[in-house]
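Chain by chain, the residues run as shown.
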Amino acid sequence: SVAAFGAGNTLVAALMPPLLKLVKRPVVAVAAVVVEVSVIAVMIQRMDNSPGAALLFALSGIWGAADAVWNVEMSVVLGIVFSTQQEAAFSNHRVWQGLGFAFGAVYSQRFASCMDQLRVKLLVMVGLLLLAMVQYGVVEWRIHKLGKERHSAPIAGGAVDIELLSRRDGDHIPSLIHSR
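Only a predicted model underlies this, so the values are computations on that prediction, with no experimental measurement involved.

Draft legend 1. The arrangement of the overall build of the protein in detail. Of regular secondary structure, the protein possesses 6 helices and 0 strands. When the elements of the protein are put in sequence order from the N terminus, they spell out α-α-α-α-α-α. Relative to its 180 residues, the protein shows a buried fraction of 31%. Once local pairs closer than 6 in sequence are excluded, the contacts in the protein between residues at least 24 apart make up 76%. Split by element, the accessible area of the protein, about 10,900 Å² in all, is 67% carbon and sulfur.

Draft legend 2. Up close: the environment of A54. Here A54 lies in helix α3 (residues 53-81). For A54, a relative accessible area of 64% corresponds to the exposed category. In the structure, A54 is positioned 53 residues away from S1 in sequence and 9.4 Å away in space, judged by C-alpha atoms.

Draft legend 3. Highlighting the packing of aromatic side chains. Counting across every chain of the model gives 1 aromatic pair. Between the aromatic rings of W70 and Y136, the centroid separation amounts to 5.9 Å while the plane-to-plane angle is 80°, which identifies the pairing as edge-to-face. With a gap of 66 residues between them, W70 in helix α3 and Y136 in helix α5 (residues 115-150) connect regions that are remote in the sequence. No difference in accessibility class separates W70 from Y136, as the two residues are buried.

Draft legend 4. Structural view of a nonpolar patch on the surface. Taken together, the side chains of V120, V124, L128 and L131 make up a nonpolar region of the molecular surface, amounting to roughly 320 Å² of accessible area. Among the secondary structure elements, L131 is positioned in helix α5. On the accessibility criterion, L131 (46% relative accessible area) is partly exposed.

Draft legend 5. Quick look at the pattern of salt bridges. Across all of its chains, the model carries 1 salt bridge by this definition. Ionic pairing is found between R25 and E140, a salt bridge with its closest N-O pair at 2.8 Å. Of this pair, R25 sits in helix α2 (residues 25-46) while E140 sits in helix α5; the two residues are 115 residues apart in sequence, bridging distant segments of the chain. Accessibility classification places R25 together with E140 in one group, the buried group.

Draft legend 6. Representation of the confidence of the model for the protein within the structure. Averaged over every residue, the pLDDT of the protein is 79; residues scoring 70 or more account for 78%. pLDDT under 50 marks residues 151-180. Its contacts with residues more than four places away, or in other chains, come to 52 contacts.

What counts, and where the lines are drawn
In this numbering scheme, every chain counts its residues from 1 along its sequence in written order. Two thresholds apply to this predicted model, a pLDDT of at least 70 for residue-level local features and 80 or more for giving and counting side-chain atom pairs, whereas whole-chain, interface and lining totals are computed over all residues. Think of the side-chain values as coming from all heavy atoms in the structure, minus any hydrogens and water. Helix and strand definitions here come from DSSP, where helices need a minimum of 4 consecutive H or I residues and strands a minimum of 2 consecutive E residues; each element is numbered from the N-terminal end. Throughout this description, buried means an accessible area under 20% of the type-specific maximum (1.4 Å probe, protein chains only), exposed means over 50%, and partly exposed covers the range between. Any two residues whose heavy atoms approach within 4.5 Å are treated as being in contact. For every accessible area listed, the method is Shrake-Rupley and the probe measures 1.4 Å; residues are considered covered only by the protein chains on display. Within 6.5 Å between ring centres, the rings of Phe, Tyr and Trp (the latter by its six-membered ring) count as paired, and their orientation is classed by plane angle as stacked under 30 degrees, edge-to-face over 60, tilted in between. Note that patches include only residues with greater than 30% relative accessible area and no salt bridge, and the join distances are 9 Å for like charges and 5 Å for nonpolar side chains (Val, Leu, Ile, Met, Phe, Trp, Tyr). Salt bridges are defined as contacts in which a side-chain nitrogen from Lys or Arg sits within 4 Å of a carboxyl oxygen from Asp or Glu. One number per residue, pLDDT, summarises how confident the predictor is, and it ranges from 0 to 100.

What follows is the structure in structure tokens.
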């Protein structure tokens, strides 16, 4: 199932640049959340019965595809928000990602593998996913708001043009999260 995850992840990551030219970033992110919550719902529903190898491989591949969306989205948003401090932004992103993996490993080992506790883990994942989506939405809204305030240039489809932001000096961008 790790191979299926990797295949789904690789395929969708390769398709993201042309997709983001056709569809706004927030729409793609919401679609990924819907897919991930659906996969978790199937896992919760099927955990009492043996799901079968085919379903596990399919769920792994679908999860990998949604994960690719998040990886690309976070890279794009970090590049926009921290355009003048990208090295620090991406290294901090990796530090927090590593801490999240470590927390997940410790958290996972604290629970036995009984079904009720597995169900709790999956519900915690849904809660964290929804929290992440709300935070992502706030950042996208702030990018959109900043783009409208700072430029009289048209903002295509309600999203800030990435190239337009990257050509600016970017000194105000890191304050995007903390300002106002």
